[in-house]
Amino acid sequence: MSDAVVPQKAESAAPAAASAVGWLERLLQSDLLYSFRRSRLTMLAAAVTLLFFLAAIFAPLIAVQNPFDPAQLQLMNSRIAPLWTADGQSPFLLGTDEQGRDMLSAILYGLRISLIVGLLGVAFSGALGILLGLVAGYVGGAVDSLIMRIADVQLTFPAILIALLVNGIAKSVFSNRLDAVSMLGVLVLAIGLSFWVQYARTVRGSVLVEKNKDYVAAAQLIGLPAPVIMLRHVLPNTMGPIMVIATINLALAIITEATLSFLGSGMPDTMPSLGTLIRIGNNYLFAGEWWIVAFPGIALAALILSINLLGDWLRDALNPKLR
Amino acid sequence: MSVRQNLLAAACAAMVAFAVSPASSQVLRYANQGELKSLDPYTLKETTTIAHHAHVYEGLVGRDKDLKIVPALAESWETLDPLHWRFHLRKGVKFHNGDPFTADDVLFSADRVRANGSNFLSNVPADAKFVKVDDYTVDVMLASPNPILTSQWDSWYIMDKKWCQEHDAVAPTPASATTPSYAALHENGTGPFTIESHQPGVKTVFKAFPGWWGKPEHNLKEIVFTPIASDATRVAALLSGEVDVVEPVPIQDIQRVNSSGIATVMNAPELRTIFIGMDQSRDELLYSSVKGKNPFKDVRVREAFYKAIDVDLIKTRVMRGLSTPSALMIAPQFYALSKDFTRPKTDVDAAKKLLAEAGYADGFEITMDCPNDRYVNDAAICQAVVGMLARIGIKVDLLAQPKAQYFAKVLKPGGYKTSLFLLGWTPATGDSHNVLHDILGCRDDAKDPTRGEANLGGYCNKELDALTDKILVESDTAKRDQMIKQAFEISLKDWAYIPLHQQSLSWGVSKKVKLTQRADNQVLLYWASKQEE
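Residues numbered from 1 in each chain as written. Chains lettered and ligands numbered in written order. Predicted model: local features only at pLDDT ≥ 70, side-chain atom pairs only at ≥ 80, totals over all residues.

(A) Representation of the overall build of chain A in the model. Within chain A, the regular secondary structure consists of 14 helices and zero strands. Going from N to C terminus, chain A has its helices and strands arranged as α-α-α-α-α-α-α-α-α-α-α-α-α-α. In terms of principal-axis extent, the alpha carbons of chain A reach across some 75 × 50 × 30 Å. For chain A, the share of sequence-separated contacts (at least 6 apart) that also reach a separation of at least 24 residues comes to 70%. (Helix = DSSP H or I, 4+ residues; strand = E, 2+ residues; numbered from the N terminus. Contact = placed C-beta atoms within 7 Å.)

See below:
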């Protein structure tokens, strides 16, 4: 792996020198883009992911109603079948649920929640994991042992269990009085605290390799303080594997959020995420109202699949042994 | 007929009886949407829980399949004078641990059910004195006449004094308790079933009690109860034969169950009235954006809420036609003059105007408490209500939770911690007095502390209370009905509560099982029989 990042190393020692034009040139010539262009599947996955992100960002422009605003829901419009079936009604393309929520709008807004929770969760767990990994690897000794043993212990629990635990504690601390926005925060916290271990272990491993190299010794010799060396010199050289983990973890975080919401301890019914929508729809599955559960399910599956494909491609592309 | 012929006939009859009903051998599996949390029979006055307990505990009186009061642990009773009742207890009854049932247990249970933490305070009058005459006779001395004294005693279960004392369970377990007492995890009743194992929220196994005093009307040796919260999973379990009885079948799945050929849905109008309540007693709402005052103290706000909610739409869309919109807080089956009342029409514009007049032209924010595993489509009703209130500018933050948490929060032991809520009520007495006393009565009556026990909204009108007291002792039915009418009119004028509808009973029953459906929605499996596999 160190081979692959050698060119970056020189650059990272003097980041200010890189101009925007240089970046673009390097990107166009990079192995990464080459392998991206070679794989149709990856391009498709990237397109689908991009589509989902755009749909989530521009949801208010696309959606026919705001499903989070109860005043816009008409009970009269409840349980309408998708537009192309005999009972379909305009403008409800994918039908409506039992509260008269347009399924397409609910999915678009639910996608927003899922992606926000996923991205913030990944950012939080990444920041936490990278920080702890850097400190453990660079400082070593007792600090290293302490952090890594905590990580080991946490690895023995499934992530969803930790997330449920954090969620439950947060709920009891706030004595069950959580509005939808603070629920979002709790979900991010729960997901962040369940996924930091992988980052910490990966970063620590890379740091252990890097810290004995000459450029680190040089930095130490000119008297730079440890935090600067860690963040400016060592960290950039560990970014490759972190990007891979972050991408795959984004999919995992979205799934975890959906699972929590499906179990009823995530987003409330009045501000549904994709998981909440699937839980609501699940109740109507046997009653012949399949569209309430099917479309959020398809959306979630497509999103997770495309992000995972991207993650796989990134892993292979950054792995020098596979070239 | 000679003696020999008699004997022969008896033998034949016995053989036929054996052939038809072999010794209890069947295992019946039952799933409800809610869990059975506490086994303490004084913790939670809620129909499903009471029905679970009915299999292991018994009261002095019981109710038969038509809801008529029948003798149970008391063989008979008489009123010596209007203030003096005498109960003759059944002899030879044993608790499940072998302790004999005597008058001491009745006296003990009368104290326990009226002790702090009990949810059944109003079932037994606070000022009634229980006196032991001998081991099998108990006298009850009343402070005021009460012709319907025993009407709620079918859910006042008798507990074993010795057992409670031995296990440090003399005090009832409050619904808000965080650590369960011994009595909440074990039972020792006199009923037809014992509980072999109980894992709250997971599984409870009932075993037929061979030492029961009565004659079993079932052929079961075991009942396995599992809570299944998810509607779809519950229905799937019924259709796959994994369970034999489910309650309720979600209304969207009734047709599917009926056409499955495996099970049928037993439908009947239920006597339960579903309603919405507003906290009108606190000076400031616990959960609202309005500070320093309570908007619900203004009758116009309550009227606005009432008029914003469209029950007909809830009936057609959420309840799929299986509900009866109600003008009163009681089902028409319980009150002869119900038809004299009509529900005021839904009128969003009028509601907005009323809110503006009250000074809330821009509306306000409020939190609504709602169970999500108690009543038919409860959470969906609440969500629909949230949407309807949004239309008059009220922003409702909906807190829908399982009934265990919900009841612990909003009921009396939890301190009535709610500002807006959905609740269902079936008068256990089958009489309007119960509604007027428990739900519409003032909460802080020094003379009658059980008044307004289930009045979560804290509505209070002394005029109505005075009428209620007169209704209790009035024995002329026509006159009494008129007085009840007056009382209900007062509460309607005050917009005390927002009655929504009576829901429909909806039990899913496997074709292998015969069951009696009682209109109060108690699933009583001691009247169930299951075909041989």
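(B) Examining the sheet that holds strand β7 (residues 137-141) of chain B more closely. All names here are of chain B. In spatial order, the strands read β4-β5-β7-β6; together these four strands make up an open sheet with antiparallel pairing. The open sheet is flanked by β4 (74-81) and β6 (129-134), the only strands paired with a single partner. Averaged over all pairs of adjacent strands, the angle between their axes in this sheet comes to 25 degrees, without regard to strand direction. Two strands pair when backbone bridges link them, and β6 and β7 are joined in this way by five bridges, in the antiparallel orientation. Each residue of the ladder has a partner; that of Phe 130, found in β7, is Val 140. The strands touched by helix α3 (residues 103-113) within the sheet are β5 (84-89), β6 and β7, with β6 carrying the most contacts at an inclination of about 175 degrees. (Pairing = 2+ DSSP bridges. Axes fitted to C-alpha atoms, helices over the stretch in contact; angles between N-to-C directions.)

(C) Summary view of the nonpolar core. If you look at the biggest cluster of nonpolar residues, it comprises 229 residues, and the most contacted ones within it are Val 245, Met 368 and Cys 382 of chain B. Counting residues per element, this core draws most heavily on helix α6 (residues 103-139) of chain A, which supplies 17 residues. Look past the residues within four positions of Val 245 of chain B in its chain and what remains in contact with it is Leu 28, Tyr 30, Trp 507, Gly 508, Val 509, Ser 510, Val 513, Leu 515 and Val 523 of chain B. (Core = buried A, V, L, I, M, F, W, Y, C linked by C-beta atoms within 7 Å. Buried ≥ 20, exposed ≤ 12 C-beta atoms within 10 Å, placed from the backbone.)

(D) How the structure looks around the interface of chain B and chain A. In this complex, chain B contributes 25 residues to the contact, which on the side of chain A involves 19 residues. Listing elements by their share of the side of chain B that touches chain A, those giving two or more residues are α6 (231-239), α9 (311-318), α11 (378-390) and β15 (395-401) of chain B. Ranked by residues supplied to the side of chain B that touches chain A, first place goes to α11 of chain B with seven residues. The residue makeup of the side of chain B that touches chain A, split by class, is 14 nonpolar, five polar and six charged. (Nonpolar A, V, L, I, M, F, W, Y, C, P; charged D, E, K, R; others polar.)

(E) Inspection of unusual backbone geometry at higher detail. With an omega of 0 degrees, the peptide bond running from Ser 90 of chain A to Pro 91 of chain A counts as cis. Residues Glu 247 of chain B and Pro 248 of chain B are joined by a peptide bond in cis, for which omega reads -10 degrees. Structurally, Pro 248 of chain B can be placed in the loop between β11 (245-247) and α7 (254-258). In the Ramachandran plot, Asn 377 of chain B falls in the positive-phi region, its phi being about 55 degrees despite a non-glycine side chain. Within the fold, Asn 377 of chain B resides in the loop between β14 (365-371) and α11. The exposure class of Asn 377 of chain B is buried, given the 25 C-beta atoms found within 10 Å.

(F) Looking closely at the pairing of strand β10 (residues 220-227) of chain B. Residue and element names in this part refer to chain B. As defined by bridge partners, strand β1 (residues 26-32) adjoins β10 across seven bridges and the pair is classed as parallel. Paired with Tyr 30 across the bridge in β10 is Phe 225. In this sheet, β10 lies alongside strand β9 (residues 203-208) in antiparallel orientation, the contact comprising four bridges. Directly across from Phe 206, in β10, lies its bridge partner Ile 223.

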